[in-house]
Amino acid sequence: MSAPEATPGAPPRPAAPDGDPDRTHGSHTGTGHQDTGTERVPSLLRRVSAALLPARRLPRHGNPARMLLSATPWRATGYLLGYAVTGPVFFAVATAAVLAGAALGQLTVTLALTVGSVWVVRCCAQVERGRAVLVDAPVPYRYQDVTEPGLAGHLKARWTDPAFYRDCCYLILLHPFLLLLDALVLAVWLPLLAGAALPLWFWTVDSRRADGTLTAGVRLGRSDGSGPGVWIDTWPAALAASAVFLALAAYVSYAVVAAARLHLTVAHGLLRPPPDPLAAARQVLAGPGPLSSTTPRPVAGPTAHEGHRS
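Residues numbered from 1 in each chain as written. Predicted model: local features only at pLDDT ≥ 70, side-chain atom pairs only at ≥ 80, totals over all residues. Heavy atoms only, no water.

Some thoughts on the overall build of the protein chain
Heads up, the rule is: Runs of E in the DSSP output that reach at least two residues are strands. Runs of H or I that reach at least four are helices, and both are numbered from the N terminus. When accessible area is computed with a 1.4 Å probe and restricted to protein chains, residues below 20% of their type maximum are described as buried, those above 50% as exposed, and intermediate ones as partly exposed. Per-residue and other accessible areas follow the Shrake-Rupley method at a 1.4 Å probe size, with only the shown protein chains counted as cover for residues.
Within the protein chain one finds eleven helices and four strands. Here the protein chain, with 310 residues, has 30% of them falling under the buried criterion. Only carbon and sulfur atoms are counted for the fraction: they give 67% of the accessible area of the protein chain, which is about 20200 Å².

This is how it looks when you write it as structure tokens:
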């Protein structure tokens, strides 16, 4: 039986590798390329990473071992630990300053003191801008100038400045979310670092076994000795556990750097001045014009013969 002839003018059907014309690549019934969930996850991670601010002092390394040995995860750790210490302090100080300013503003006698509460919030925000030097350049800032004289001019300039309300949003409203982000990452990262250093300190700790006796070493599991767990009481066990923790820490270091970049992105989004839509036009007007590059030629005066005749 002969094969069916092709219709004149129709495109030829692609043949399969085994020569069967009825099987084509990428058919819906075959094993063609499909958009699975495993392919969407890396693309989503790439989009999220592209949306984060590229910190200048947090270069990303493709090799996990090089990433762990570089200064990148340690700078990110310092940035996150610094906020875990200063964040709650600035949250309490800024909240008290805003509430005190709102209360003092109700009385005419204490109205001038409300300017001081604005300066307290500004000082806290300035420290946060300077802390960014651990992972990037300091965050730029611009506050509204006082254009009217007297106390009324100061109050109007300070309490109507959008930068003041952005500072409050970062220091007060977003503090619980940023602190939770940093705490979750550090809660995973710091125990891994402690486990990687097990050979340095496991022999200094006494742990209790299930029968109540104390023994030198560390138990990875329940501290009372019951339930599943691993005893680290010899040097070979400590070295093996340290290698496992080091391998895990090498991959978790990417999450630490990502958390620092996310925190820095939020800080830049609120603590720096908003982009000026007319910045390009102002730069063109401030720059030299097209005629300034040409050197003016001196005007030719009368020649000596013409001057003698005159």
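Some points on the nonpolar core
Within soluble globular proteins, side chains that are nonpolar generally end up buried alongside one another. We apply this condition: Among the buried residues, those of types Ala, Val, Leu, Ile, Met, Phe, Trp, Tyr and Cys that are joined through side-chain atoms within 4.5 Å form a nonpolar core. Should any heavy atoms of two residues lie within 4.5 Å, those residues are counted as being in contact.
The biggest cluster of nonpolar side chains holds 50 residues, and the ones touching the most others in it are Leu80, Tyr170 and Leu171. For this core, the elements supplying multiple residues, two or more each, are helix H2 (64–69), helix H3 (72–104), helix H4 (114–131), helix H6 (162–173), helix H7 (175–196) and helix H9 (235–271). If one sorts the elements of this core by residue count, H9 sits on top with 15 residues. With residues up to four places along the chain from it excluded, the contact list for Leu171 reads Phe90, Phe91, Ala94, Val121, Cys124, Ala125 and Glu128.

Comments concerning the packing of H6 against H7
For the record, the criterion: Here an axis means a line fitted to C-alpha atoms, over the contact stretch when the element is a helix, while the angle between two N-to-C directions is reported on a 0 to 180 degree scale. Orientation categories follow fixed angle ranges, with anything under 35 degrees roughly parallel, anything over 145 roughly antiparallel, 65 to 115 roughly perpendicular, and all other angles oblique. Amino acids are sorted into nonpolar (Ala, Val, Leu, Ile, Met, Phe, Trp, Tyr, Cys and Pro), charged (Asp, Glu, Lys and Arg) and polar (every other residue, Gly among them).
Contact geometry for H6 and H7: axes closest at 5 Å, N-to-C directions at 50 degrees. Relative to H7, H6 is oriented oblique. In this structure, H6 contributes Tyr170, Leu171, Ile172 and Leu173 to the contact, and H7 contributes His175, Pro176, Phe177 and Leu178. Among the residues making up the contact of H6 with H7, the classes are represented as seven nonpolar, one polar and no charged.

Here we look at the environment of Val121
Tracing the sequence through the fold places Val121 in helix H4. With a relative accessible area of 0%, Val121 lands in the buried category. When the C-alpha atoms of Val121 and Leu171 are compared, they prove to be 8.3 Å apart, with 50 residues separating the residues in sequence. With near-sequence residues (within four places) excluded, Val121 lies in contact with Ala94, Ala97, Val98, Phe164, Asp167, Cys168 and Leu171.

A word on helix H5 (residues 150–159)
Regarding H5, the residues found buried are Gly153, Leu155, Ala157 and Arg158. On its buried face, H5 sits against H4 and H6.

Let's talk about the packing of aromatic side chains
Any aromatic ring pair is given by two values, namely how distant the centres are and how the planes are angled relative to each other. Test applied: Stacked, tilted and edge-to-face are the three classes applied to pairs of Phe, Tyr and Trp rings, where Trp contributes its six-membered ring and a pair requires centres within 6.5 Å; stacked means planes under 30 degrees apart, edge-to-face means over 60, and tilted covers the rest. Only lysine NZ and arginine CZ atoms are considered, and such an atom sits over a ring when it is within 6 Å of the ring centre and within 35 degrees of the ring normal.
Within this structure, the stated rule accounts for six aromatic pairs. Between the aromatic rings of Phe164 and Tyr165, the centroid separation amounts to 5.1 Å while the plane-to-plane angle is 75 degrees, which identifies the pairing as edge-to-face. Accessibility expressed as a relative area gives 4% for Phe164, which makes it buried. Residues Phe202 and Trp235 carry aromatic rings whose centres are separated by 5.1 Å and whose planes lie at 90 degrees to one another, so their mutual orientation is edge-to-face. Of this pair, Phe202 sits in the loop between helix H8 (198–201) and strand S1 (206–208) while Trp235 sits in helix H9, placing them 33 residues apart in sequence. Through a chain of ring-to-ring contacts, three or more aromatic side chains come together here, namely Trp159, Phe164 and Tyr165. Above the ring of Trp119, the side-chain terminus of Arg122 is found at 4.4 Å from the ring centroid.

Examining the packing of H6 against H9
Contact pair H6 / H9: the axes reach a minimum separation of 8 Å and the direction vectors enclose 155 degrees. Viewed along their axes, H6 and H9 adopt a mutual orientation that is roughly antiparallel. Listed contacts from H9 to Arg166, Asp167, Cys169 and Tyr170 of H6 are His263, Val266, Ala267, Leu270 and Leu271.

Observations concerning a nonpolar patch on the surface
This is how the line gets drawn: Only residues above 30% relative accessible area that lack a salt bridge enter a patch, with like-charged residues linked at up to 9 Å and the nonpolar side chains Val, Leu, Ile, Met, Phe, Trp and Tyr linked at up to 5 Å. We define a salt bridge as a side-chain nitrogen of Lys or Arg found within 4 Å of a carboxyl oxygen belonging to Asp or Glu.
Taken together, the side chains of Val89, Val93 and Val120 present a nonpolar region at the surface, about 200 Å² in accessible area. Note on placement: Val89 falls in helix H3.

Some details on the pattern of salt bridges
Under the defined criterion, the tally for this structure stands at four salt bridges. With a closest N to O distance of 3.1 Å, Arg131 and Glu128 form a salt bridge. Here Arg131 and its partner Glu128 are both found in helix H4, three residues apart, which amounts to about one turn of the helix. As far as burial versus exposure is concerned, Arg131 and Glu128 are alike and both buried. Arg129 serves as the salt-bridge partner of Asp167, at 3.1 Å between the closest nitrogen and oxygen. Placement of Asp167 in helix H6 and of Arg129 in helix H4 is noted, with a sequence separation of 38 residues between them. The same class applies to Asp167 and to Arg129, which are both buried.

Quick notes on the confidence of the model for the protein chain
Selection criterion: Confidence of the predictor at the level of single residues is given by pLDDT, which spans 0 to 100.
This prediction gives the protein chain a mean pLDDT of 80; 73% of its residues lie at or above 70. A low-confidence stretch, residues 1–11 stays under pLDDT 50, and its non-local contacts, those more than four residues away or across chains, total zero contacts. The model gives residues 14–35 a pLDDT under 50, and that stretch makes 17 contacts with residues more than four places away or in other chains.

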